[in-house]
Amino acid sequence: MTELPQAFLSQMAAQLKGEMAAFLRTYDEPYQRGLRVNPWKRPTRLPDDCGERVPWEENGHYLALTSTAGADALHEAGAYYLQEPSAMAPVSVLSPRPGECVLDLCAAPGGKSTQIAAALAGEGLLVSNEPVPSRAKILSRNIERMGVPNALVVSAQPEALAARWGVLFDAVLVDAPCS
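All values reported here derive from a predicted model rather than from experimental measurement. Sequence positions are assigned chain by chain, starting from 1 and proceeding in written order. The predicted origin of the model limits local features to residues at a pLDDT of at least 70 and limits the giving and counting of side-chain atom pairs to 80 or more, whereas totals for whole chains, interfaces and linings rest on all residues. With hydrogens and water excluded, all non-hydrogen atoms of the structure serve as input to the side-chain values.

By the bridge criterion, 4 bridges tie strand β6 (residues 125-129) to strand β7 (residues 151-154) in an arrangement that is parallel. Its bridge partner being in β7, L126 is matched across the sheet by A151. Read from β6 through helix α6 (residues 133-145) to β7, the crossover connection turns out right-handed. The pairing criterion is simple: DSSP has to find at least two bridges between the two strands. Under the scheme used here, helices are H or I runs from DSSP no shorter than 4 residues and strands are E runs no shorter than 2 residues, and both carry numbers assigned from the N terminus. Handedness rule for crossovers: strands pointing away from the viewer, path from the first strand over the helix to the second running clockwise, crossover right-handed.

With that out of the way, let us pick up the side chain of N150. Within the secondary structure, N150 is located in the loop between α6 and β7. Here's how the labels work: a residue is buried when its accessible area is under 20% of the maximum for its type, exposed when over 50%, partly exposed in between, all with a 1.4 Å probe on protein chains only. Take N150: its relative accessible area is 8%, and that puts it in the buried class. Among the polar contacts listed, one links the side chain of N150 to the backbone oxygen of G124, at a separation of 3.5 Å. The residues contacting N150, other than those within four sequence positions of it, are L120, G122, E123, G124, L125 and L126. In protein, a polar contact requires one atom able to donate a hydrogen and another able to accept it; more generally it is a pair of N or O atoms within 3.5 Å, and residues adjacent in sequence count only if both atoms are side-chain atoms. Residues are treated as being in contact if the distance between any of their heavy atoms lies within 4.5 Å.

Our next topic: α6. Each full turn of the α-helix corresponds to 3.6 residues, which orients residues three or four apart in the same direction. Helix span is expected to be 1.5 Å times the residue number reduced by one. Between the first and last C-alpha of α6 there are 18 Å, a value that for 13 residues agrees with the 18 Å anticipated at 1.5 Å per step. Tucked into the core, α6 has its buried residues touching α3 (73-76), β4 (80-82), α5 (111-120), β6 and β7. Where α6 terminates, the next one or two residues include G147, which has phi positive at roughly 70°.

Moving on: the environment of E144. Along the chain, E144 falls in helix α6. We classify E144 as exposed; its relative accessible area is 60%. The spacing of E144 and A77 is 67 residues in sequence and 10.0 Å in space, taken between C-alpha atoms.

All right, on to the pairing of β6 then. Of all 5 residues making up β6, 4 are buried, and the element is well covered by its neighbours. With α5 bridging strand β5 (residues 101-104) and its parallel neighbour β6, the resulting β-α-β unit is right-handed.

Attention shifts here to the nonpolar core. Here, nonpolar core means buried Ala, Val, Leu, Ile, Met, Phe, Trp, Tyr and Cys residues that are tied together by side-chain atoms lying within 4.5 Å of each other. Core analysis: the biggest nonpolar cluster contains 15 residues, and V102, I116, L120, L126, L139 and V148 have the highest contact counts within it. Elements represented by at least two residues in this core include exactly α5, α6 and β8 (171-173). In terms of residue count, α5 provides more of this core than any other element does, 3 residues in total. Leaving out residues up to four positions away in the same chain, V148 has contacts with W40, T114, A117 and I143. Core analysis: the second largest hydrophobic core is formed by 8 residues, C101, L103, V154 and A156 among them.

Taken in spatial order, the 4 strands of this open sheet run β7-β6-β5-β8, and their pairing is parallel. Since the sheet does not close on itself, it has two edges, and those belong to β7 and β8, each with one partner. Within the sheet, the average angular offset between the axes of one strand and its neighbour, ignoring direction, is 15°. On the sheet, α6 packs against β6 and β7 and is oriented at approximately 165° with respect to β7. Here, axes are lines fitted to C-alpha atoms. For helices the fit covers the stretch in contact, and angles between N-to-C directions go from 0 to 180 degrees. Packed onto the sheet, helix α7 (residues 158-165) meets β5, β6 and β7 and runs at close to 130° relative to β7.

This part takes up the pattern of salt bridges. Should a side-chain nitrogen of Lys or Arg be within 4 Å of a carboxyl oxygen of Asp or Glu, the pair is scored as a salt bridge. Inspection of the entire model under this criterion finds 4 salt bridges. The salt bridge partner of R135 is E130, with a shortest N-O separation of 3.7 Å. What makes E130 buried here is its relative accessible area of 1%.

Along the chain, the position of Q115 falls in helix α5. When its relative accessible area of 2% is taken as the criterion, Q115 is described as buried. If we ignore the near neighbours within four places in the chain, the residues touching Q115 are R36, E57, Q83, A87, M88, V91 and S92.

Structure representation (structure tokens):
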């Protein structure tokens, strides 16, 4: 098993209680890879090593660990986004709906933002924020590559956004470990 810091283990044991042993077993299992099909650029084909659908994301599919899908021209063209299936879960829980105004507070590199955009289906507004300017450039590139029609990419601290927009948003996603 992967060696983990004791402070982390203690905190997780307190939170998970009787499920701690199952949690620790996951560190011995192979990780999962996945991709999300872009609804605006539905590809005529998926990579050969693309597998079953991810149960919590209608556009998500499992991908073989050895996949080279990231080198495919369809990936570069924005037909799909490579994203671990577990990373697709926060947006599924958020459940954004067409017409809403949604803020992704720490959005780079853009996987969850492009997933939110797909759920908005071109209606409403997605504000994708990345406080680190160099990472905001990567975010902007991915938003453009995926052809998101209703997004605004910004690079600001949360306090500045709150001062400017107050309670404008119907939903806010903060997946801080990604940043």
